[in-house]
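Residue-level structure breakdown
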Amino acid sequence: MVNIQVKKVTLYHVLVPLKKPFTTHIQHVQERESIFMEIADDEGHTGVGECVAFTSPWYTEETVQTCWEMLERWIIPAILNQSFSHPDELDDCLKFIKRNHMAKATVNHAMWDLYAKRLNQPLWQVIGGTSRPIKAGIVVATSTEENMVEEIKEAVENGYKRVKIKISQKSNPEKFKKIINKYPQTLFFADANGAFTEETIHLLQTFDDCGFTLIEQPFSEHQNYVSAKAQRTMKTPLALDESITSLQDVNEMIERQSGKIVVVKQGRVGGLTNSLRIHEQCVKAEIPIFVGGMIEFGVSKAFNIAFSSLSGVQLPGDFSSSTHFWNEDLANPTIDVKDGEIQLSHKIGVGVALNHKLINQYGVRRKEFYI
Ligand code: OSB
Ligand code: MG
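Residues numbered from 1 in each chain as written. Chains lettered and ligands numbered in written order. Predicted model: local features only at pLDDT ≥ 70, side-chain atom pairs only at ≥ 80, totals over all residues. Heavy atoms only, no water.

Considerations on the pairing of strand S1 (residues 4-23)
Here S1 pairs with strand S4 (residues 83-84) via two bridges, running antiparallel. Following the sheet pairing, Gln 5 is matched in S4 by Ser 83. Two strands pair when backbone bridges link them, and S1 and strand S2 (residues 28-41) are joined in this way by 13 bridges, in the antiparallel orientation. Across the sheet, Phe 22 pairs through a bridge with Val 29, a residue of S2. Between the antiparallel neighbours S1 and S2 lie four residues. Inspection of the sheet shows S1 paired to strand S16 (residues 363-370) by seven bridges, in the antiparallel sense. When the bridges of S16 are listed, Tyr 12 appears paired with Arg 366. (Pairing = 2+ DSSP bridges. Helix = DSSP H or I, 4+ residues; strand = E, 2+ residues; numbered from the N terminus.)

What to know about the nonpolar core
Among the nonpolar cores identified, the biggest contains 121 residues, and Ile 39 and Phe 212 are the most heavily contacted of them. Residues in contact with Phe 212, not counting those within four places in the same chain, are Ile 165, Phe 176, Ile 180, Phe 188, Phe 189, Ala 190, Phe 207 and Thr 236. (Core = buried A, V, L, I, M, F, W, Y, C linked by side-chain atoms within 4.5 Å. Buried < 20%, exposed > 50% of the residue type's maximum accessible area, 1.4 Å probe, protein only. Contact = heavy atoms within 4.5 Å.)

As for empty space enclosed by the protein
The full count for this structure, using the stated rule, is four cavities of 30 Å³ or more. Contributing to the lining of the largest cavity are 21 residues, with Phe 22, Lys 166, Gly 293, Met 294 and Ile 295 lying nearest its centre. Taken together, the elements giving at least two residues each to the lining of the largest cavity come down to strand S6 (138-140) and strand S7 (162-166). Classifying every residue of the lining of the largest cavity by side-chain character gives nine nonpolar, five polar and seven charged. If you add up the space inside the second largest cavity, you get close to 80 Å³. Residue lining of the second largest cavity: 14 residues in total, with Val 52, Gln 266, Gly 267, Glu 296 and Ser 300 positioned closest to the centre. When residues of the lining of the second largest cavity are traced back to their parent elements, those giving at least two are helix H3 (101-118), helix H10 (266-269) and helix H12 (298-307). (1 Å grid on protein atoms, 1.4 Å probe; cavity = no way out; pocket = protein on both sides within 12 Å on 5 of 7 lines; lining within 4 Å. Points joined across faces, edges and corners; volume = space filled by probe spheres on them. Nonpolar A, V, L, I, M, F, W, Y, C, P; charged D, E, K, R; others polar.)

Quick notes on the packing of aromatic side chains
Scanning all chains against the criterion turns up 13 aromatic pairs. Consider the rings of Phe 54 and Tyr 59, whose centres lie 6.3 Å apart with planes at 90 degrees: the pair is edge-to-face. Phe 54 gets classed as buried once you look at its relative accessible area, which sits at 7%. An aromatic cluster of at least three residues, connected via ring pairs, comprises Phe 22, Phe 36, Phe 297, Phe 325 and Trp 326. (Phe/Tyr/Trp six-rings, centres within 6.5 Å; stacked < 30°, edge-to-face > 60°.)

Considerations on helix H11 (residues 272-285)
Here H11 is 14 residues long and its end C-alpha atoms lie 20 Å apart, about the 20 Å a rise of 1.5 Å per residue gives. Taken as a whole, H11 has its buried residues at Leu 272, Thr 273, Ser 275, Leu 276, Ile 278, His 279 and Cys 282. (Expected span 1.5 Å × (residues − 1).)

Details of the packing of helix H9 (residues 247-256) against H11
One way to put it is that H9 packs onto H11 with a least axis distance of 9 Å and a crossing angle of 20 degrees. One way to sum up the angle between H9 and H11 is to call them roughly parallel. Judged by the sense of rotation from one axis to the other, the crossing of H9 with H11 is right-handed. Here Leu 247, Val 250, Asn 251 and Ile 254 of H9 lie close against H11, whose contacting residues are Arg 277, Ile 278, Gln 281, Cys 282 and Ala 285. Residue composition of the contact of H9 with H11, by class: six nonpolar, two polar and one charged. (Axes fitted to C-alpha atoms, helices over the stretch in contact; angles between N-to-C directions. Parallel < 35°, antiparallel > 145°, perpendicular 65-115°, else oblique. Left-handed = near helix turned anticlockwise from the far one by under 90°.)

A closer look at the sheet that holds strand S9 (residues 214-216)
In a beta sheet, neighbouring strands pair by backbone hydrogen bonds and run either parallel or antiparallel. One open sheet accounts for seven strands, arranged S6-S7-S8-S9-S10-S11-S12; its pairing is parallel. The two strands at the open ends of the sheet, each matched to only one other strand, are S6 and strand S12 (289-291). Taken pair by pair, the neighbouring strands of this sheet meet at an average axis angle of 30 degrees, ignoring direction. Taken together, the two bridges between strand S10 (residues 238-240) and strand S11 (residues 261-264) define a ladder with parallel strand orientation. When the bridges of S11 are listed, Leu 240 appears paired with Val 262.

Right under this line is the structure:
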């Protein structure tokens, strides 16, 4: 049995410009602020985690600042000098903190990386994944239709076999239909980020014949009854993204039939431990999972890729090459998509480490914690 003693924790706060703006009907993202965590144990191993909260609370209630506060003031003091034989023990250790899933996911991930390193195995193997290529997918989120058409063309030329397009009430379904017909070999997902309302279900229905594999989060995260109402009238499966913050939310989706597909964002559900519970439930209930992205760096991407080696994850997730968002990724090795696929790492742990030179270069603040 392993016995991981937490000796030192380091937080790194960074700010990195995106190569090009990421635009949806609710937000325009031009730079990415993030927090990385390293946990050093008593045997000289280091585990790494990435916090996926954004600068402002436009997507979830957590922000970079709230996560830093949670980590610094509550989470890190609770784990320093403590011993863990498994990452799941963090549940008990942190149960005095309500919600704050993204902050908790950061430490959960760093602990899983450490745990796999202690077992001397790649993380995907530790969680019961299968050695297979992981299907990638790119997200096109741009302000003009011209750019969208151009970016889709580029993505297909670069070998992506799945493209996710952001839609809103203002989008023209006929345009999408044409594009989708033009690329019969490519899967197209739509993501509405809650753009539709109970009063505009009829507008959502006009996307039903476009040929989308799925439509992600048409309604706001609290309107699951509206989603159920819309799903009953549509053949395109609805996938819930923002609505899924826990296993309970997954159970509610299944019960209400408010969607047919679960989007797992490990940060939003509190990390890998809860994602594995969701995976188990989805396999049982025969609900497909797709892994969502957060405009993240290579650490978070590496955890998503490891999770995608599980049998219940068959749909291509939001995995694009490091070069899609970044001039330079802050983790090593970088993520590379070839022919629409990513290879699993055979390194022990999650398979990536922070690039400290770049972390310094883009660093805003850094803090070490030890006793
Ligand atoms: O709704 O899926 C979303 C990015 C930031 C916040 C929300 C979402 C997204 C994406 C994924 O669409 C982008 C990516 O990382 O590939
Ligand atoms: Mg989404």
